[in-house]
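Architecture at a glance
This is what each chain is made of:
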Amino acid sequence: MTALTFVDASHSLYFTIDAVDPRVTYETASGYSYLTQPAVPDTVPVTIAIKPDGRMIDAPPVLRNPINLGSKGLLPVALLSTTGPAFDAKAIATASLTIGDPKLTGRVHPVKFSYADIDGDGDIDCMMQFNMQELVAVGALNAATKDLMLTGQFPNGTHFAGFDHIFIVK
Ligand SMILES: [Ca+2]
């Protein structure tokens, strides 16, 4: 896995270009990263954070979310509210939310939801927990997975999608 990371001080973020994956990771000063996404027509980009409680801020984004495929636990993923453009994670119908490797077909719904200000910016975000064994069993995640994509729908039916890197350690 090769990645080059650049710091753009004027925007208080840095971005990473992965040698294999042409998409670019942008990261805010608070350590929440997002990917430019492959073209998905009529889909609104949103910001997610995998394992937001254990952010490894000193590691490059591509190495920041280690995941053990044999885990019997839960995978925490935050859907972050934003003000520009406006996105209120509390307003999303939770039944529409699924996650999976964008290169695979398996998708899994969260098993738990909670609401809190996960990124400390003053607005309430949606915190989800996904069952790790279910992700592997349905083919939403495998040893080659590098990103997870959260998808959902606004009440008016518009689709949205957010991406974050993961790093399979076993
Ligand atoms: Ca927040």
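Please read all numbers here as calculations on a predicted model, not as lab measurements.

Across the sheet, four strands lie side by side as S6-S8-S13-S12; this open sheet has antiparallel pairing. Taken across any chain shown, the strands that pair with only one partner, and hence form the sheet edges, are strand S6 (47-50) and strand S12 (112-116). Across the sheet, the mean angle from the axis of one strand to that of its neighbour is 25°, orientation sign disregarded. In this sheet, strand S8 (residues 74-80) lies alongside S6 in antiparallel orientation, the contact comprising four bridges. Pairing of Ile48 across the sheet is with Leu79, part of S8.

Relative to the elements of secondary structure, Asp42 occurs in the loop between strand S4 (33-35) and strand S5 (43-45). You can call Asp42 exposed: it has 6 C-beta atoms within 10 Å. Each C-alpha atom, one on Asp42 and one on His159, is 7.1 Å from the other, the two residues being 117 residues apart in sequence.

With that out of the way, let us pick up the pairing of strand S15 (residues 159-165). Pairing of S5 with S15, which is carried by three bridges, proceeds in the parallel orientation. Each bridged residue has a counterpart across the sheet, and for Val44 the counterpart in S15 is Phe160. Bridge count between strand S14 (residues 147-153) and S15: seven bridges; the pairing is antiparallel. Note that in S15 the partner of Leu148 across the bridge is Asp164.

This part covers the sheet that holds S14. Here four strands make up an open sheet; going across it, the order is S5-S15-S14-S11 and the pairing mixed. Either end of the sheet is taken by a strand with one partner, and the two such strands are S5 and strand S11 (98-100). Neighbouring strand axes in the sheet, compared pairwise and without regard to direction, differ in orientation by 25° on average. In terms of strand pairing, S11 meets S14 through three bridges, oriented antiparallel. Across the sheet, residue Thr98 finds its bridge partner in S14, namely Thr151.

Along the polypeptide, Asn142 turns up in the loop between helix H1 (132-137) and S14. The class of Asn142 is partly exposed, set by 14 C-beta atoms lying within 10 Å.

Moving on, we come to the nonpolar core. Ranked by size, the top nonpolar core spans 28 residues in total, and within it Ile48, Val77, Ala78, Leu79, Ile99 and Leu150 carry the most contacts. Top contributing element to this core by residue count: S8, with five residues. Apart from the residues lying within four places of it in its own chain, the contact partners of Ile48 are Val77, Ala78, Leu79, Leu80, Leu150, Gly162 and Asp164.

This part is about the environment of Val169. Considering the arrangement of structural elements, one finds Val169 in the segment after strand S16 (167-168). Residue classification places Val169 among the exposed residues on the basis of 12 C-beta atoms within 10 Å. Taking the C-alpha atoms as reference points, Val169 and Asn65, separated by 104 residues in sequence, lie 9.5 Å from one another. In this structure, Val169 is in contact with Pro66, Ile67 and Asn68, ignoring residues within four places of it in sequence.

The buried count for S12 comes to zero of five residues, which makes it a mostly uncovered element. One ladder, built from five bridges, connects S12 with strand S13 (residues 125-131); its direction is antiparallel. The residue bridging Lys112 from the neighbouring strand is Gln129, located in S13.

Cut-off values and rules
- Residues numbered from 1 in each chain as written.
- Predicted model: local features only at pLDDT ≥ 70, side-chain atom pairs only at ≥ 80, totals over all residues.
- Pairing = 2+ DSSP bridges.
- Helix = DSSP H or I, 4+ residues; strand = E, 2+ residues; numbered from the N terminus.
- Axes fitted to C-alpha atoms, helices over the stretch in contact; angles between N-to-C directions.
- Buried ≥ 20, exposed ≤ 12 C-beta atoms within 10 Å, placed from the backbone.
- Core = buried A, V, L, I, M, F, W, Y, C linked by C-beta atoms within 7 Å.
- Contact = placed C-beta atoms within 7 Å.

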